[in-house]
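# Commentary on secondary and tertiary structure
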Amino acid sequence: MAVGIDPSAKFAEYAHPERLVSTQWLSDHLGDDGLAVVESDEDVLLYETGHIPTAVKIDWHTDLNDPVLRDFVSSQRFAELLGEKGIARDTTVVIYGDKNNWWAAYALWVFTLFGHEDVRLLDGGRDKWIAEGRTITTEAPRPVPAQYPVVPRDDSRIRAFKDDVLAHLGRGPLIDVRSPEEYSGERTEIPGYPTEGALRSGHIPSAASVPWARAAAPDATFRPRAELEAIYKGEAGLKDGDDVIAYCRIGERSSHTWFVLTHLLGFENVRNYDGSWTEWGSAVRVPIVTGSEPGEARAA
Amino acid sequence: MTPSALPAVLQEIKDEFLALDLPDRLQLLLEFSNELPELPERYRDHPDLLERVVECQSPVFIFAEVDENDVVHLHATAPRESPTTRGFASIVVQGLTGLTADEVLAVPDDYPQELGLAQAVSPLRVRGMTALLGRAKHQVTVKRRR
């Protein structure tokens, strides 16, 4: 690792403390050799209104998604993007963003698909940095371009496709991280207005409902480990060693839950189904359940 | 008005965007975002009068008035932390305010797709502006009946 880890006591409780840094740690290390800071927001213009000094912007839509195919960018494009941002394969990358690091977690998950080893989140994200009165700037950074290798994207370990979910039904737990209204299916499209919708509403049979933001405290930091255990193991019934698939609407909110389960609670086999409800809810002949109960899953 | 003719302000906004390359289109959207006027005082304490556009991922509210001359006045508010949504709202407010109700209703529903923003901000996000325009037109339809 290029830059040391944050020794905060809070992080030491988590399964992988090296995946988080505090605002104070980042403030102390800004400008260190081998450290890159990346802002990734829901709002494509928020970075331009002011960002952490030296931070570069990576946008989930325009940078990480393929413009034509519904997929993430190719290995070639990922290498070009990171090279342009001054990130090398061994750079320590700290990602932060708006809304409890929702999109930052998505970016981190995509970095992980490409096997970037040292990628971390700023606990509390953009909101906490600003709430603490720390410096932001509109000055555009000029990173020195780096050589990032073209590495294959590994979609087998942490990403699930529709067929993987079908094969998983009745064999392992699913976590639906959307709102309760989306889960039950009562929230449908409003006639005449376009939404990011699907043809059917409801959830995947047997999925437990745990809205993603429950993992975040009011100050946008992650909740302490004991509270996370109570939510995911206590309420949702996950057990150590489970193979878990998380989903939402397009895979962004569930990236956040993927981060919590994998890096904070130490589950080793968690996959994010990025096709999520926009695919499942429109696919032909896949089973769905409506209402607030998980429902039965039959193994295919 | 021929079907292809846009009201002058909407046409100007469109020309302005299309004359720029992609990064500059984002900057222009940010300028629009900064230009979104504050709500008139009479609405500031009456959030109940404003309609939330639920299709937008950020909280954005719009309110249309149609005056006795059938002229439309449009107001919108969105948080500073949502500059893209603010930018969209600002374009819709600037583009529709001062038009007659008929002119507003004749604005093509796909106007937001004509600004060259799909690549700069993504097609999904542009839908937020389509929803805003749809809501504004719907309000004008309802209010002129009164």
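Presented here is a report on the structure given in the accompanying data block. This structure is a prediction, so every number in the text was calculated from the model and none was measured. (Residues numbered from 1 in each chain as written. Chains lettered and ligands numbered in written order. Predicted model: local features only at pLDDT ≥ 70, side-chain atom pairs only at ≥ 80, totals over all residues. Heavy atoms only, no water.)

### Remarks on the overall build of chain B
Assigned secondary structure in chain B consists of seven helices and three strands. Along chain B, helices and strands appear, N-terminal first, in the series α-α-α-β-β-β-α-α-α-α. Residues classed as buried in chain B amount to 50% of the 146 residues present. A fraction of 65% describes how many contacts in chain B between residues 6 or more apart in sequence connect residues 24 or more apart. Carbon and sulfur atoms make up 52% of the accessible area of chain B, which totals about 7,000 Å². (Helix = DSSP H or I, 4+ residues; strand = E, 2+ residues; numbered from the N terminus. Buried < 20%, exposed > 50% of the residue type's maximum accessible area, 1.4 Å probe, protein only. Contact = heavy atoms within 4.5 Å. Areas by Shrake-Rupley, 256 points an atom, 1.4 Å probe, with all protein chains shown as cover.)

### Describing the sheet that holds strand 1 (residues 20-21) of chain A
Residues and elements named next belong to chain A. The five strands are arranged 1-5-4-2-3 in an open sheet whose pairing can be described as parallel. On the outer flanks of this sheet lie strand 1 and strand 3 (56-57), each paired with one strand and no other. Sheet analysis places strand 2 (residues 35-39) next to strand 3, joined by two bridges and oriented parallel. The partner of Glu-39 across the bridge, within strand 3, is Lys-57. (Pairing = 2+ DSSP bridges.)

### Remarks on the interface of chain B and chain A
With 26 residues of chain B at the contact, the number on the chain A side is 22 residues. One can count one salt bridge joining chain B with chain A. With its nearest N and O atoms 3.0 Å apart, the salt bridge here joins Arg-125 of chain B to Asp-59 of chain A. Applying the counting rule to chain B against chain A returns five residue pairs in polar contact (both at pLDDT 80 or more). Where the side of chain B that touches chain A is concerned, the elements lending two or more residues are helix 2 (22-35), helix 4 (83-96), helix 6 (118-121) and helix 7 (123-144) of chain B. Looking at the side of chain B that touches chain A element by element, the count peaks at eight residues for helix 7 of chain B. Grouping the constituent residues of the side of chain B that touches chain A by class yields nine nonpolar, eleven polar and six charged. (Salt bridge = Lys/Arg side-chain N within 4 Å of Asp/Glu carboxyl O. Polar contact = N/O pair within 3.5 Å; in protein donor to acceptor, adjacent residues only side chain to side chain. Nonpolar A, V, L, I, M, F, W, Y, C, P; charged D, E, K, R; others polar.)

### Things to note about the sheet that holds strand 9 (residues 243-247) of chain A
Residues and elements named next belong to chain A. Spatial strand order, 6-10-9-7-8: five strands in an open sheet with parallel pairing. Sheet topology places strand 6 (159-160) and strand 8 (208-209) at the edges, where each strand pairs with a single neighbour. Pairing geometry for strand 9 and strand 10 (residues 269-273), over five bridges, is parallel. Residue pairing across strands places Tyr-247 opposite Tyr-273, the latter belonging to strand 10.

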